[in-house]
Each structure stands twice: as C-alpha cells, then as structure tokens.
Amino acid sequence: MDGGRATEGELMADIGATVETYWATAQARDWRAFGATLADDVRYELPQTRERVLGRDGVIRFNAEYVGEWSLEVERVVADGEQAVSWVRYSVDEEETQAISFFTASADGRIQTITDFWPTSYEAPSEREHLVERF
C-alpha cells in the first residue's frame, strides 16, 4: 500500500486496516482508492431504509453522490479474522449523527459486504434519570 491507501492491484490482508482505508478514502473523496477497498461484487445494505446497492461501481457512486457537505470521523474499528465493525461520527450540513457498520472480507481481503445502521437520536425517558448520567 502507498501512504496507507490501497491500489487496485494490491491485496489487503487485514480487514481492520481495509475498513480504516475505506473510511479515510471516503472522507478524502478519493473514489479510486475507495473503490480499491471493495470486492467487485460487494453488497451494501441499509436495513433501516431497506436499500441495497450491488457491485463496486454502484457503491462508489452511492457514496460519491451523497448530498450535502458531509464529513466523517472514525471513532473505532474492531476486527477479528474476516469481519470488522466500525463506529463513525458523521456530519452533514452541520448536523451530526453516528453510524455503526458491519463488514465482511472477500478471499483477497477486500470488503465483500457492508451493513450500515444510522440510528436516530432521541431523548431518554425521564423515568430513567435517577439511573443514568447524561453526556
């Protein structure tokens, strides 16, 4: 890898490092390097909206055409063997949200599947105030 970014011909053995590169290249809008992290037949799913995008070109386009001025910051990536999970903070047009994403690796270490969960923030019930600390 060159400067932490994968090129099309390089195999990525560590799914955790591949996921870090996936997010870094998305943030940089480096769609060529972003695509190099993905298997040709990658499957990207968003269960909350019941959307599915199939194939590298589709996933690249889905991300490249996302509307608004957005940025993201990786909080954590945890990987074990052929799977990983990430937690990112995501801002679009000055509104922040967080996401949890699950990844599996293809045989060559690229990302085979992505399942994104983008939870909606809500206020906790007042009945729990005596049990929690707000942050």
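Residues numbered from 1 in each chain as written. Predicted model: local features only at pLDDT ≥ 70, side-chain atom pairs only at ≥ 80, totals over all residues. Heavy atoms only, no water.

## Remarks on the confidence of the model for the protein
Selection rule: Residue-level confidence of the predictor is summarised by pLDDT, bounded by 0 at the bottom and 100 at the top. Whether two residues touch is decided by their heavy atoms; if any such pair falls within 4.5 Å, the residues are in contact.
Per-residue confidence for the protein averages 89 on the pLDDT scale, and 90% of its residues sit at or above 70. Segment residues 1-11: pLDDT under 50, and 24 contacts once partners within four positions in sequence are set aside and those in other chains are kept.

## A look at the pairing of strand 4 (residues 83-92)
One face of the sheet, then the other: side chains in a regular strand alternate in exactly this way. Using the following cut-off: Note: two strands are recorded as paired if DSSP finds a minimum of 2 bridges between them. A helix here means a DSSP run of H or I that spans at least four residues, while a strand means a run of E at least two residues long, and both kinds are numbered starting from the N terminus.
Bridge count between strand 3 (residues 70-80) and strand 4: 10 bridges; the pairing is antiparallel. Across the sheet, Val78 pairs through a bridge with Val85, a residue of strand 4. Sheet topology places strand 4 next to strand 5 (residues 95-105); 10 bridges connect them, and they run antiparallel. Among the inter-strand pairings, Val88 is bridged to a residue of strand 5, identified as Ala99. In this antiparallel pair of consecutive strands, strand 4 and strand 5, the connection spans two residues, and Asp93 shows a positive phi of 50°.

## A closer look at the environment of Trp23
Quick note on the threshold: Exposure is judged per residue with a 1.4 Å probe applied to protein chains only, and the accessible area is read against the type maximum: over 50% gives exposed, under 20% gives buried, and values in between give partly exposed.
Its location among the elements puts Trp23 in helix 1 (residues 15-27). For Trp23, a relative accessible area of 5% corresponds to the buried category. Sequence spacing of Trp23 and Phe34 is 11 residues, and the spatial spacing of their C-alpha atoms is 8.0 Å. Setting aside its immediate chain neighbours within four residues, Trp23 contacts Leu72, Val74, Ser86, Val88, Ser101 and Phe103.

## Things to note about a nonpolar patch on the surface
What counts here: Patch construction takes residues with relative accessible area above 30% that form no salt bridge. Like charges are linked within 9 Å, and nonpolar side chains (Val, Leu, Ile, Met, Phe, Trp, Tyr) are linked within 5 Å. Residue exposure ignores everything except the shown protein chains as possible cover, and the areas themselves are Shrake-Rupley values with a 1.4 Å probe. What counts as a salt bridge is simple: a side-chain nitrogen of Lys or Arg found within 4 Å of a carboxyl oxygen of Asp or Glu.
Where nonpolar side chains cluster on the molecular surface, the patch consists of Ile100, Phe102 and Phe117 and spans about 240 Å² of accessible area. Checked against the element boundaries, Ile100 lands in strand 5.

## Details of the pairing of strand 5
In this sheet, strand 6 (residues 111-117) lies alongside strand 5 in antiparallel orientation, the contact comprising six bridges. Within strand 6, the residue paired with Phe102 across the bridge is Thr115. Between strand 5 and the antiparallel strand that follows it, strand 6, lie five residues; Gly109 among them carries a positive phi value of about 90°.

## Notes on the environment of Glu69
Turning to its location among the elements, Glu69 is positioned in the loop between helix 3 (56-64) and strand 3. Along the backbone, Glu69 and Glu94 are 25 residues apart, and their C-alpha atoms lie at a distance of 8.2 Å.

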